[in-house]
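Analysis of the macromolecular model
Chain by chain, the residues:
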Amino acid sequence: VSGAAGAVGSLVGQLCKRRGAAVVGVCGSEAKVDFLQELGFDRALNRHSADLRADLRAALLSVPQADRALGTSRSPQPADITLYWDNVGGAVSDLVIQCMAPRSELLLCGQISTYDAEGDYPPPLPAESAAVVERRRIRRERYTVVKYKHRFAPALAELCALVAAEELRAEETVYDGLDAA
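A few points on the structure.

Basis of the calculations
Residues numbered from 1 in each chain as written. Predicted model: local features only at pLDDT ≥ 70, side-chain atom pairs only at ≥ 80, totals over all residues. Heavy atoms only, no water. Salt bridge = Lys/Arg side-chain N within 4 Å of Asp/Glu carboxyl O. Buried < 20%, exposed > 50% of the residue type's maximum accessible area, 1.4 Å probe, protein only. Pairing = 2+ DSSP bridges. Helix = DSSP H or I, 4+ residues; strand = E, 2+ residues; numbered from the N terminus. Axes fitted to C-alpha atoms, helices over the stretch in contact; angles between N-to-C directions. Expected span 1.5 Å × (residues − 1). Right-handed = clockwise from strand over helix to strand, strands pointing away. Phe/Tyr/Trp six-rings, centres within 6.5 Å; stacked < 30°, edge-to-face > 60°. Left-handed = near helix turned anticlockwise from the far one by under 90°. Contact = heavy atoms within 4.5 Å. Nonpolar A, V, L, I, M, F, W, Y, C, P; charged D, E, K, R; others polar. Patch = residues over 30% accessible without salt bridge, like charges linked within 9 Å, V, L, I, M, F, W, Y side chains within 5 Å. Areas by Shrake-Rupley, 256 points an atom, 1.4 Å probe, with all protein chains shown as cover. 1 Å grid on protein atoms, 1.4 Å probe; cavity = no way out; pocket = protein on both sides within 12 Å on 5 of 7 lines; lining within 4 Å. Points joined across faces, edges and corners; volume = space filled by probe spheres on them.

This model, assessed by the stated rule, comprises eight salt bridges. Here arginine 139 makes a salt bridge to glutamate 141, at a shortest N to O gap of 3.5 Å. Accessibility expressed as a relative area gives 43% for arginine 139, which makes it partly exposed. Taking the relative accessible area as the measure of exposure, glutamate 141 reaches 26% and is therefore partly exposed. One salt bridge in this structure joins arginine 169 and glutamate 171, with 2.6 Å as the shortest N-O distance.

Here three strands make up an open sheet; going across it, the order is E3-E4-E5 and the pairing parallel. Where the open sheet ends on each side, the last strands, each with one partner, are strand E3 (81–86) and strand E5 (139–142). Strand after strand, the sheet turns through a mean of 10° between neighbouring axes, direction not considered. Of the strand pairs in this sheet, strand E4 (residues 100–108) and E5 are connected by four bridges, and their pairing is parallel. Paired with leucine 106 across the strands is arginine 140, a residue of E5.

For helix H6 (residues 152–164), built from 13 residues, the straight-helix expectation of 18 Å at 1.5 Å per residue is met to within 8% by its first-to-last C-alpha distance of 18 Å. Once H6 ends, the next one or two residues include glutamate 166, with phi positive near 60°.

Here the focus is the pairing of E3. In summary, the side chains of a regular strand alternate between the two faces of the sheet. Counting buried residues in E3 gives five out of six residues, a clear majority hidden from the surface. The pairing of E3 with E4 spans five bridges and is parallel. Of the residues in E4, the one forming a bridge with isoleucine 81 is methionine 100. In this region the chain leaves E3, passes through helix H4 (residues 90–98) and returns to the parallel neighbour E4; the handedness of that crossover is right-handed.

This part takes up the packing of aromatic side chains. What the rule picks out here adds up to two aromatic pairs. On the basis of an interplanar angle of 50° and a centroid distance of 5.1 Å, the ring pair of tryptophan 85 and tyrosine 143 is categorised as tilted. Linking tryptophan 85 in strand E3 with tyrosine 143 in the loop between E5 and H6, this pair joins segments that are 58 residues apart in sequence. Taking 5.4 Å as the distance between ring centres and 15° as the angle between the ring planes, the aromatic pair formed by tyrosine 143 and tyrosine 148 counts as stacked. Residue tyrosine 143 is classed as partly exposed on the basis of its relative accessible area of 30%. Its relative accessible area of 21% is what places tyrosine 148 among the partly exposed residues.

A few words now on the packing of H4 against helix H5 (residues 127–135). At a closest axis distance of 9 Å, the pairing of H4 and H5 adopts a crossing angle of 35°. As H4 packs across H5, the resulting crossing turns out to be left-handed. Two secondary-structure elements touch here, H4 through Asp94, Ile97 and Gln98 and H5 through Glu128, Ser129, Val132 and Val133. Across the contact of H4 with H5, the residue classes tally to three nonpolar, two polar and two charged.

There is a patch of nonpolar side chains on the surface, built from Tyr143, Val145, Val146 and Phe152 and spanning about 340 Å² of accessible area. Here valine 145 lies in the loop between E5 and H6.

This brings us to the layout of surface pockets. Computed from the structure, the largest pocket encloses a volume of approximately 1100 Å³. Every residue lining the largest pocket is counted, 25 residues in all, and those nearest its centre are Val12, Leu15, Trp85, Tyr143 and Ala155. Of all elements in the fold, only helix H1 (7–18), E3, E4, E5 and H6 reach the threshold of two or more residues within the lining of the largest pocket. With six residues, H6 is the single largest residue contributor to the lining of the largest pocket.

Right under this line is the structure:
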């Protein structure tokens, strides 16, 4: 999960853990790494690391042998990523794509790295990443919440119940007035 310490990424990671996945989160500071570990992520990586590639490889070598996405047995070394929830795009995603398994899934929820850029959304992948996606038949799909309006009520009820039971942690930052925001 990229952007893993944000509102969406932190919930996605926790929900995947509830379903038995090994979860690796990528975030932007050591404080956020600590936060993801508190949430139960198997590994948390700081994207500002001196060698994010080596950190990702180490994380994939250390995650439990149960399937990295949801339940099947996998080969021992290193784990291939079978599901990637992408909130960021850019260089982080290009690195993750290199570690993805054949026929895996890449869900585009956001592209934080390109929000101020001109051009298409989502932006096209660099040639090397696009070639990996094609060769490994990785399904790359945009996640658009309005596509799931029919599921809002039951999803909200489930999430609220999990939060009330303290089985899901949802952090909030509250400011009083626009001047404080």
